[in-house]
Amino acid sequence: MLTKPIKEEEKTYKNSSIGSYWITTFGCQMNKADSERMAGTLEKMGYSRAIDELKADLVLYNTCTIRDSAQQKVYSFLGKQVKRKHSTPKLKLVVAGCLAQQEGESLLRRVPELDLIMGPQHVNNLENLLERVDSGNQVVATEETFISEDITNPRRDSSICGWVNIIYGCNERCSYCVVPSVRGKEQSRYPDAIKSEIETLAHNNFKEVTLLGQNIDAYGRDLPGTTIEGRKENTLTDLLYFIHDVEGIKRIRFSTSHPKYFSKRLINACYELDKVCEHFHIPFQSGNNEILRLMARGYTIEKYKRIIENIRQLMPNASITADAIVAFPGETETQYRETLKLISDIGFDQVMTAAYSPRPNTPAAIWDNQIPEEVKKERLKEINELVETTSRKRNQRYLNNIESVLIEGLNPKNNAQMMGRTRTNRLTFVEIPKNIEFNYSFGDEINVKITEARSFSLSGQICK
């Protein structure tokens, strides 16, 4: 950890009054979960949530570096705050997350007005780091560290659905991915600690939990213990059985899965356990085996298809979502077309797409067979059009069906509608009845007859 003294006139002091904070989150669910934990720490310290980013006393950007566009957006946001810092020296500027880990001290050289730069592994140590800032230091915390169990209550953005980290970091070495270098090695939490957090959520009337990990299928392989069959004692499958009986929790989800480790045993558990939702997010990244080999993904398209077949054999209506990258270095037009074919053949409910973006310290970034930007744009546009068409077609299976929808709140764009999700994670809007007495609470599961199916959401009416 680097601690660098700053000029006297730029110091903030421990005895100065605690003010307001603002957090902007870029990137994945893991970052959003980290932001909730950091918000909980700040409120425990005495900060209150600001209503205006440009008036907050502490501004924290929790960053992503998976693509260059996300990185550049952070610098744009920082520019506005740097101007404020010059006129308001007591303003605390914090950059957390993957960009902070990747850039480290070089980020401080680029933006010297920053007070704290901290990687994802230091989220649980935010209070101590800010105490160093209050003592008159600029702090860079990016060294690899053991992630201690977090005793802070996160400030949850939802009062119904809660994210629960079960494994941090990633040991995979995909040739395009910066995650292992910015989030560190895999560190699994112990089952008892995970269950305790879920029990606390249930006690606070949360109804759904989503277990999170960069590679969630790797859960437990760094924990001690081996069964008589020779497998690890703690796996994601075992964890699902262990937490399933938490009273008050109605739904359990998990993300993100890796095809390399996705097992039949896990699929069977999801089928057997009533609370585990029929929604699987399993990135395939490319529909071509040679590109998968160059990506160092560790599986073939044939294996991926078998996983989907095994899921649909037990759960025919399960929702399958995925991630895909187009224009990976060296990808030919024929190889790209195989990705489109895979999407059509499987019929995904949704695919998160991206054009390949070279990331620092990854092997593929320095290969000399990069795809031209105009080709990237053309392929991304075409695959997005296919995904929208496929999703709309896939959603037709809901029409006139009665689906159980967990109500999460009101539609922010139309307060005459409730908003929630099916067990398959499809966003659903439900008209609030006007002509009949209807009492409900957020967190209720209600039966909804689906009357409209769009590409990425549904609409329906309450079943009388």
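Predicted model, so just to flag it, every value in this text is computed and none were measured. The numbers attached to residues start from 1 for each chain and follow its sequence in the written order. The predicted origin of the model limits local features to residues at a pLDDT of at least 70 and limits the giving and counting of side-chain atom pairs to 80 or more, whereas totals for whole chains, interfaces and linings rest on all residues. With hydrogens and water stripped out, all remaining heavy atoms of the structure feed into the side-chain values.

Draft legend 1. The arrangement of the overall build of the protein in detail. Secondary structure elements follow DSSP: runs of H or I no shorter than four residues count as helices, runs of E no shorter than two count as strands, and numbering proceeds from the N terminus. Summing up its helical and strand segments, the protein has 13 helices and 20 strands in all. In terms of overall size, the protein behaves like a compact globule, its C-alpha atoms giving a radius of gyration of 23 Å where 464 residues would be expected to give roughly 23 Å. Dimensions of the protein, computed from C-alpha atoms along their principal axes, come out at roughly 65 × 65 × 50 Å. The contact rule is simple, with two residues in contact once any of their heavy atoms fall within 4.5 Å. Here the analysis covers contacts within the protein between residues at least 6 apart in sequence; of these, 73% occur between residues at least 24 apart. What sets the accessible areas is the Shrake-Rupley method with a 1.4 Å probe; for residues, cover comes only from the shown protein chains. Within the structure as shown, the protein displays about 21200 Å² of accessible surface, and the carbon and sulfur contribution to it stands at 48%. Under the convention used here, Asp and Glu are negative, Lys and Arg are positive, and both His and the chain ends fall outside the count. For charged residues, the charge sits on one atom: NZ in Lys, CZ in Arg, CG in Asp, CD in Glu. A gap of 2 Å separates the mean positions of the 63 positive and 61 negative side-chain charges of the protein. Radius of gyration: over C-alpha atoms. The globule rule applied is 2.2 Å multiplied by the number of residues raised to the 0.38 power.

Draft legend 2. Quick peek at the sheet that holds strand β15 (residues 350-355). Taking strand neighbours across the sheet as the criterion, the three strands line up as β13-β14-β15 in an open arrangement whose pairing is parallel. Bordering the open sheet on either side are β13 (279-281) and β15, each of which pairs with just one other strand. Across this sheet, the average inter-strand angle for adjacent strands is 15 degrees, counted without regard to direction. Pairing between strands is defined by DSSP: at least two bridges between the two strands are required. Pairing geometry for β13 and strand β14 (residues 319-326), over three bridges, is parallel. Bridging from a neighbouring strand, histidine 279 pairs with serine 319 of β14. Axes here mean lines fitted to C-alpha atoms, for a helix over just the part in contact, with angles spanning 0 to 180 degrees between N-to-C directions. Across the sheet, helix α13 (residues 373-395) lies against β14 and β15, angled at about 175 degrees from β15, the strand it touches most.

Draft legend 3. Region of interest: α13. One less than the number of residues in a helix, times 1.5 Å, gives the span that helix is expected to have. End to end, α13 covers 33 Å across 23 residues, agreeing with the expected 33 Å (1.5 Å per residue, within 8%). The buried label goes to any residue with under 20% of its type's maximum accessible area, the exposed label to any with over 50%, and the partly exposed label to all in between, with areas taken from a 1.4 Å probe on protein chains only. Among the residues of α13, those classed as buried are Lys376, Arg379, Ile383, Val387, Thr390, Ser391, Arg394 and Asn395. As for α13, its buried residues are in contact with α11 (301-314), β14, α12 (333-346), β15, β19 (445-453) and β20 (458-462).

Draft legend 4. Looking closely at the packing of aromatic side chains. Aromatic pairs are defined between Phe, Tyr and Trp rings, using the six-membered ring for Trp, whenever the two ring centres lie within 6.5 Å; interplanar angles under 30 degrees are classed as stacked, those over 60 as edge-to-face, and all others as tilted. Overall, the coordinates contain 12 aromatic pairs when judged by the stated rule. Seen from their ring centres, phenylalanine 284 and phenylalanine 348 are 5.2 Å apart, and the 25 degrees between their planes marks the pair as stacked. With a gap of 64 residues between them, phenylalanine 284 in the loop between β13 and α10 (289-295) and phenylalanine 348 in the loop between α12 and β15 connect regions that are remote in the sequence. Taking relative accessible area as the criterion, phenylalanine 284 reaches 0% and is therefore assigned buried. With a relative accessible area of 1%, phenylalanine 348 lands in the buried category. Here tyrosine 304 and phenylalanine 348 contribute two aromatic rings whose centre-to-centre distance is 6.4 Å and whose plane-to-plane angle is 45 degrees, an arrangement assigned as tilted. A residue pair is termed long-range when its members are at least 10 positions apart, and tyrosine 304 in helix α11 and phenylalanine 348 in the loop between α12 and β15 qualify at 44 residues. The structure contains a cluster of three or more aromatic residues connected by ring pairs, namely Tyr176, Phe328, Tyr356 and Trp367. Positioned over the ring face of phenylalanine 77 is lysine 80, at 5.9 Å from the centre of the ring. Charge over a ring is defined by NZ of Lys or CZ of Arg lying within 6 Å of the ring centre and within 35 degrees of the ring normal. When the ring centre of tyrosine 75 is taken as reference, the NZ or CZ atom of arginine 110 above it lies at 3.5 Å.

Draft legend 5. Structural view of the sheet that holds β19. Strand order in this closed barrel of five strands is β16-β17-β18-β20-β19, and the pairing throughout is mixed. Neighbour-to-neighbour, the strand axes of this sheet turn through a mean angle of 55 degrees, independent of strand direction. Here five bridges tie strand β16 (residues 402-411) to β19, and the two strands are oriented antiparallel to one another. Across the sheet, valine 405 pairs through a bridge with isoleucine 446, a residue of β19.

Draft legend 6. Representation of the nonpolar core in the model. The biggest cluster of nonpolar side chains holds 63 residues, and the ones touching the most others in it are Ile166, Leu211, Leu240, Phe254, Phe280 and Ile311. When residues no more than four places from it in sequence are discounted, the contact partners of leucine 240 are Leu211, Ile252, Phe254, Leu266, Cys270, Leu273 and Val276. Core analysis: the next-biggest nonpolar cluster, separate from the first, contains 22 residues, Phe26, Ala50, Cys64 and Ile117 among them. Here, the term nonpolar core denotes a set of buried Ala, Val, Leu, Ile, Met, Phe, Trp, Tyr and Cys residues that are joined through side-chain atoms within 4.5 Å.

Draft legend 7. Spotlight on the pairing of strand β4 (residues 58-63). Counting buried residues in β4 gives six out of six residues, a clear majority hidden from the surface. With burial as the criterion, each face of β4 is covered, one bearing Leu58, Leu60 and Asn62 and the other bearing Val59, Tyr61 and Thr63. Strand direction decides the pairing type here: strand β2 (residues 20-25) and β4, joined by five bridges, are parallel. Of the residues in β4, the one forming a bridge with tyrosine 21 is leucine 58. Strand direction decides the pairing type here: β4 and strand β5 (residues 92-97), joined by six bridges, are parallel. The residue bridging valine 59 from the neighbouring strand is leucine 93, located in β5. Seen with its strands pointing away from the viewer, a crossover is right-handed when the path leading from the first strand over the helix to the second is clockwise. You can see the chain leave β4, run along helix α2 (residues 68-87) and come back into β5, and the turn it takes is right-handed.

Draft legend 8. Seen up close, the packing of α11 against α12. At their nearest, the axes of α11 and α12 sit 12 Å apart, and the two run at 15 degrees to each other. Judged by the inter-axis angle, α11 sits roughly parallel to α12. Regarding α11 and α12, the two cross each other, and that crossing is right-handed. Contacts from Ile301, Tyr304, Lys305, Ile308 and Arg312 of α11 reach α12 at Leu342, Asp345 and Ile346. Residues are grouped as follows: nonpolar covers Ala, Val, Leu, Ile, Met, Phe, Trp, Tyr, Cys and Pro; charged covers Asp, Glu, Lys and Arg; every other residue, Gly included, is treated as polar. For the contact of α11 with α12, the class distribution of residues is five nonpolar, no polar and three charged. Here the angle decides the label: under 35 degrees means roughly parallel, over 145 means roughly antiparallel, 65 to 115 means roughly perpendicular, and every other value means oblique. If you view the pair so one helix is near and one far, a crossing is left-handed when the near helix is turned anticlockwise from the far one by less than a right angle, and right-handed when it is turned clockwise.

Draft legend 9. Main features of the pattern of salt bridges. A side-chain nitrogen of Lys or Arg and a carboxyl oxygen of Asp or Glu constitute a salt bridge if their distance falls within 4 Å. Tallied over the full model, the rule gives 27 salt bridges. Across the salt bridge formed by lysine 260 and glutamate 172, the nearest N and O atoms sit 3.4 Å from each other. You can see lysine 260 sitting in the loop between β12 (251-255) and α9 (264-272) and its partner glutamate 172 sitting in the loop between β9 (167-168) and α6 (179-183), a full 88 residues away along the chain. On the basis of relative accessibility, which here comes to 7%, the residue glutamate 172 falls in the buried class. A salt bridge links arginine 421 to glutamate 408; its shortest N-O distance comes to 3.8 Å. Residue arginine 421 is found in strand β17 (residues 414-422), and its partner glutamate 408 is found in strand β16; the two are separated by 13 residues along the sequence.

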